[in-house]
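Structural description and commentary
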Amino acid sequence: MINVSVDEKNIIVHSDINIGMATALPSGNLIVPVVKNANEKSLFELAKTVNHLAESSRNNKLKPEEIQGSTFTISNVGTFGSLMGTPIINQPEVAILAFGIIKKRPEVITTEKGDEIAIRSMMYLSLSFDHQSLTAF
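Fair warning: this is a prediction, and the values are worked out from it, not measured in the lab. (Residues numbered from 1 in each chain as written. Predicted model: local features only at pLDDT ≥ 70, side-chain atom pairs only at ≥ 80, totals over all residues. Heavy atoms only, no water.)

1. Things to note about helix H1 (residues 43–58)
Stated precisely, the cut-off is as follows: In this description a helix means any DSSP run of H or I spanning at least four residues, a strand means any run of E spanning at least two, and both kinds are numbered starting from the N terminus. To estimate the expected span of a helix, count its residues, drop one, and scale the result by 1.5 Å. Only protein chains enter the accessibility calculation, which uses a 1.4 Å probe; a residue is then buried when its area is under 20% of its type maximum, exposed when over 50%, and partly exposed in between. Read the arc as the range of directions from the helix axis to the C-beta atoms. Contact between two residues is taken to exist if any of their heavy atoms lie within 4.5 Å; hydrogens are not considered.
With 16 residues, H1 extends 22 Å between its outermost C-alpha atoms, agreeing within 8% with the 22 Å of an ideal straight helix rising 1.5 Å per residue. Burial in H1 covers these residues: Thr49, Leu53, Ala54, Ser56 and Ser57. Burial along H1 is one-sided: seen end-on, the buried residues are contained in an arc of 165 degrees. Facing away from the buried side of H1 by over 90 degrees, the exposed positions are Leu43, Phe44, Lys48, Asn51 and Glu55. In the core, the buried residues of H1 are packed alongside strand E3 (19–21), strand E4 (23–24), strand E5 (30–31) and strand E6 (34–35). Backbone geometry just downstream of H1 places Asn60 in the positive-phi region, at approximately 55 degrees.

Spelled out as structure tokens, the structure:
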């Protein structure tokens, strides 16, 4: 139920999953192009679409329809070297997910021999959400 948006006092549940991807521009500003119907795309199609949108963003060639209609947004604060961040919701959506930097850390893992310390690549995820919209369900 996180793929919803708010229209004044109404909560709209979306069947299509249109993922907005916060993209840094050369000027330092952000723009949010949209991967339409992400739930219907293969991994290859997702990669192709993301690459197209990122390149179009950086070259100021996005079409109006490529920045409209997102139902959920993701942001990668790890590209700036940040461990984690608090993303700001792209309204009228009710949530946004931020990915931190992937970094190797020592972690305690359970193996057949018992607990061991191992080096693992780890990443923090930060989810900001509008609790008033989500508690209405």
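2. Observations concerning unusual backbone geometry
For the peptide bond that leads from Gln91 to Pro92, omega is 15 degrees, which places it in the cis range. Along the chain, Pro92 falls in the loop between strand E7 (72–76) and strand E8 (95–99). Its identity is not glycine, yet Asn60 carries a phi of approximately 55 degrees, on the positive side. By relative accessible area, Asn60 is classed as exposed at 73%.

3. Examining the nonpolar core
Defined as follows: By nonpolar core we mean a set of buried residues, namely Ala, Val, Leu, Ile, Met, Phe, Trp, Tyr and Cys, connected to one another through side-chain atoms within 4.5 Å.
Among the nonpolar cores identified, the biggest contains 10 residues, and these are Ile19, Met21, Val35, Ala38, Leu53, Ala54, Leu62, Phe72, Ala95 and Leu97. Within the residue set of this core, elements represented by two or more residues are E3, H1 and E8. Here Ile19 is in contact with Pro33, Val34, Val35, Ala38, Phe72 and Ile74, once residues within four sequence places are set aside.

4. So, the side chain of Ser75
Topologically, Ser75 is positioned in strand E7. The buried category is assigned to Ser75, whose relative accessible area is 15%. Contact partners of Ser75, with chain neighbours within four places excluded, come to Ala22, Ile96, Leu97, Ala98 and Phe99.

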